[in-house]
Amino acid sequence: MLRRVRVRQSLRQVVFLMARRPEVLCGAILLGVLLILAVKFTCSRAKNVVAPARPPVRFFSPEAPVVDLYLGQIDQVERLRSVADVSLLFLYAPWCAHSMAARQELQLVAHKLAKQVQFVAVNCWWSHGRCRKQRRLYQYPSIQLFFRRFGPIEYKGPFVAPYVESFVLRVLTPLTYLPSEAVLRDFLSYHEPRVVGFFQFHSSPQPPGYLTYLRSALQALRRDFRGAVRFGVVTSRHVAQMLPVPEEGSVYLHRRFNSSLVFPRSKLNFTSEVICSWVFQHYETALQWLQPPGTKSRLLEEELLKGPALLLFLPYDPLDPQPSALLQQVEDMAVRYHSCPSGGTACCHSVPVPQSTAVCELCLDGTGLRTSSVCTVPSVGPSSLPHCCLHPSSNVSCCSLLTNYSALGQYRACSRTAPLRDTATEAPPATEAPLTTEATQNEASPQNEALPAPATGAVGFTGLRCLTNKTLRFYLLDAELNWPLAVRLGAPHNSSSAVPQEPQEPQGPGAHERSFAAIVDLKDEVHYVLQPIHRATLTQDLEGFIMNFSAPYNRLHRYLVGQTEGGSPPALITEVTSSSFSHTVLDVQQDVLLLYYTQWCGFCSVLHHIFIQLARLLQPHSALTVARVNVALNDLPWEMMVDRVPSVLLFPRYRKHQSVKFPEEQPLTLPNLLRFVLKHSDSVRPPHRAPGGEGGPEPLLRAQVQALQEEVGQLHRACERLSQQLAHLWRQHHRLSQDARALHLHNQELQQERRSLEQQHRDKSRQLSQAVQRLQQLTHTSDSLRHENALLRLLLTALRDRTEEQNTEGDEDLEELSGDGEELSGEELSGEEQDQTENRHSEQKRALVTS
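Given the structure is predicted, the values throughout are model-derived calculations rather than measurements.

Draft legend 1. Up close: the sheet that holds strand β7 (residues 194-198). A sheet is described by the order of its strands in space; here five strands give the open sequence β6-β8-β7-β9-β10, paired in mixed fashion. Of all strands in the sheet, those with a lone pairing partner are β6 (175-177) and β10 (261-262), marking the two edges. Taken together, the five bridges between β7 and strand β8 (residues 230-234) define a ladder with parallel strand orientation. Counterpart to V195 in the pairing with β8 is F231. Packing of helix α8 (residues 210-223) onto the sheet brings it into contact with β6, β7, β8 and β9 (251-254), and relative to β8 it is tilted by some 165°. Along the sheet face, helix α10 (residues 272-282) touches β7, β9 and β10 and points at about 20° away from the line of β9.

See the structure below:
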């Protein structure tokens, strides 16, 4: 309350003061008006000015059979879809580079399938279009297909014409008609998962459940754009008798490794989503296609985290209805690898035998063990191995080991020789005879066999998945689209060296196609490369490659990805790569000081001049090599890697296993590096020792200091010479600058004179042109006057002649009149008649003169 009272009193005082002094009131009003105008003017200028966007233009060419709705009229798509059974909707952004690249591929597909498919493109970036308001797209472009009323089926593959065309053809024919037993056998003979539905069409145009089965095939295309799971339909009961289908409307899932299944309609709802989920949950495949999208994605990481993977980069044509011969060989090999022997599953634990090349394998003979059961093998060390493993009587010996009881089977210890095979040879090795004993030949317990030795035949390779704990997953990748990934794993850049051909073989259409194989073990962070690959012996090479990886003693060497050629290192520094690391760093005759760096490390580049100075000091008097390696581009053995960059390691000669790392807490300076090298290196010795001296780093340091002093003196003298040269050059530069300034002034004067002369020239030219015009006018006037003068002369001559004639006639008339006057003189004429006569004579004379 007191505050309000005080405010009122202050307001009253201000009002009284303004009433007493009107000029204060006027000033306050004026200031308020100015303040309001200033605020309004400032706010009006602060408004954002946004230019309207340019209207969109047509994205596709007019010749392309694509309906381009470049204004975003997505409401017209429903009307256009009724034109054909299958419609393709392409949602794009005009500025998107991916949309521009996909436009060319889509036009190629549209020219081929324009009669069967309706192609519609919609601009979903135009802000005033309905597509931008109704659709929320996070990436461009997007391809969606509609099969009649079913859709959308989004395409998630690469935007390449063959892949898009293959996907459209699969949507056009989602079901394969199987009219006969031969066609059904051929349909089920492929390694890909197959689903067969039995529906009879004689009772009704659309049997019950047929549309649901058709939608389930389209649902499968939503999950896998390649269509790995193929759907077929049988309409004849005679053909359906080949399948264990109980009744019409049954869905049969064909599996190769386990028993096939029939969709349980009594337990699950017969809907398209449920059928598709059931198929993808229970289907089996030996090969799986991978297609990394080329952008940020965890697809490859998720698959590699499941375990060791064999990545095969092979040529692939998605439009080829039949797989190539090379792909069929790989599929057969993968099926044989996953085909476990009948009678159960065996789990084995390999233990090396001390002081021997033998391997003791403790296996669980699970004759009643299922694949999903837990495999538990007791851990046995080398000290507790059975007698049959420690003292084998032959190459293979087996005996029972009943240390633990198991209801699933009994344990078995087997001894065998570790297989040795090098995959680097070009020709496959000879097939080794499998090692067998009486126990392993027992047909009643086929799981008692020991792991076979690596061989190129199918005897040792079949069922290898169930005989080793290094299970491989097979993945196929299109070599044409994913070759950069293969190059990163170790494939050659050029295609000619990727697939060597035999000189005597004929060069077919696929002679220059690229192929590559690698095993990636993400858990151990290693990968192995099969080199080289021969088309003629691809299957045998892959089998040996896989068996060597699956063996207890892995003979495969880790592949080190590195630069083919080193960069351009500074002077006195050696560049080390993955291939040159062994004979450079591990040279027993040299001390090697190695710098680990990367191209993105800013601190590493600062250290180069320090290493150059160190090399200049020590290399003339010691067997020391200063080198560097780019660890971002060159893989090194694990024992030679570091956990941070920059890092410095010293590899002493004759003691490479005793490498020393530069302390991280010390700064990387020249004195510290010199002390580090002198402390841990034996090759660094002074050039001369004092007689009776014990020798040490002091004489070397003294000699190096003297050499440095000499170099400093030389540098001082060179600096003086350079300063003199610079002074002379500066004087010349000053003189030249003065001459240039004078020339510039003279040039300016000449330019002014040139401009004045040009102005005078323009004035004189204008005056001359005006004079010429006047002369032309005078000439024209003189000509006209001359013509008029001639005409006047002619007229005057004619007038003179006519006047003379008229005068002659007038004289005659006057004579006649005078005669008449004389005759009438005698008569008495009145004065009036005489006047009339005179007037008539004067008029006649005037008329004559005028004519």
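Let's pick the thread back up.
Draft legend 2. Region of the structure containing the packing of aromatic side chains. One pass over the full model with this rule turns up 25 aromatic pairs. Here the aromatic rings of F60 and Y92 are separated by 6.3 Å at their centres, their planes lie at 80°, and the arrangement is edge-to-face. Placement of the pair is F60 in the loop between α2 (22-45) and β1 (67-69) and Y92 in strand β2 (residues 86-92), with a sequence separation of 32 residues. Take F60 and Y92: they sit in the same class, and that class is buried.

Draft legend 3. Structural context of the nonpolar core. Of all hydrophobic cores here, the largest spans 51 residues; its most connected members are L88, F90 and F119. Of all the elements, α8 adds the most residues to this core, at seven residues. Beyond its immediate chain neighbours, meaning those up to four positions away, F119 contacts P65, V66, V67, L88, L106, V109, A110, L113 and A114. If you look at the next biggest cluster of nonpolar residues, it comprises 30 residues, including L464, L472, L530 and L556.

Draft legend 4. Structural context of the packing of α8 against α10. Running from N to C, α8 and α10 cross one another at 55°; their axes reach a closest spacing of 8 Å. Between α8 and α10, the angle falls in the class oblique. Along this stretch, α8 crosses α10, giving a crossing that reads as right-handed. Facing α8, whose interface residues are T212, R215, S216, Q219, A220 and R223, α10 presents S272, E273, I275, C276, S277 and F280. Here the residues of the contact of α8 with α10 sort into four nonpolar, five polar and three charged.

Conventions adopted
- Residues numbered from 1 in each chain as written.
- Predicted model: local features only at pLDDT ≥ 70, side-chain atom pairs only at ≥ 80, totals over all residues.
- Heavy atoms only, no water.
- Pairing = 2+ DSSP bridges.
- Helix = DSSP H or I, 4+ residues; strand = E, 2+ residues; numbered from the N terminus.
- Contact = heavy atoms within 4.5 Å.
- Axes fitted to C-alpha atoms, helices over the stretch in contact; angles between N-to-C directions.
- Phe/Tyr/Trp six-rings, centres within 6.5 Å; stacked < 30°, edge-to-face > 60°.
- Buried < 20%, exposed > 50% of the residue type's maximum accessible area, 1.4 Å probe, protein only.
- Core = buried A, V, L, I, M, F, W, Y, C linked by side-chain atoms within 4.5 Å.
- Parallel < 35°, antiparallel > 145°, perpendicular 65-115°, else oblique.
- Left-handed = near helix turned anticlockwise from the far one by under 90°.
- Nonpolar A, V, L, I, M, F, W, Y, C, P; charged D, E, K, R; others polar.

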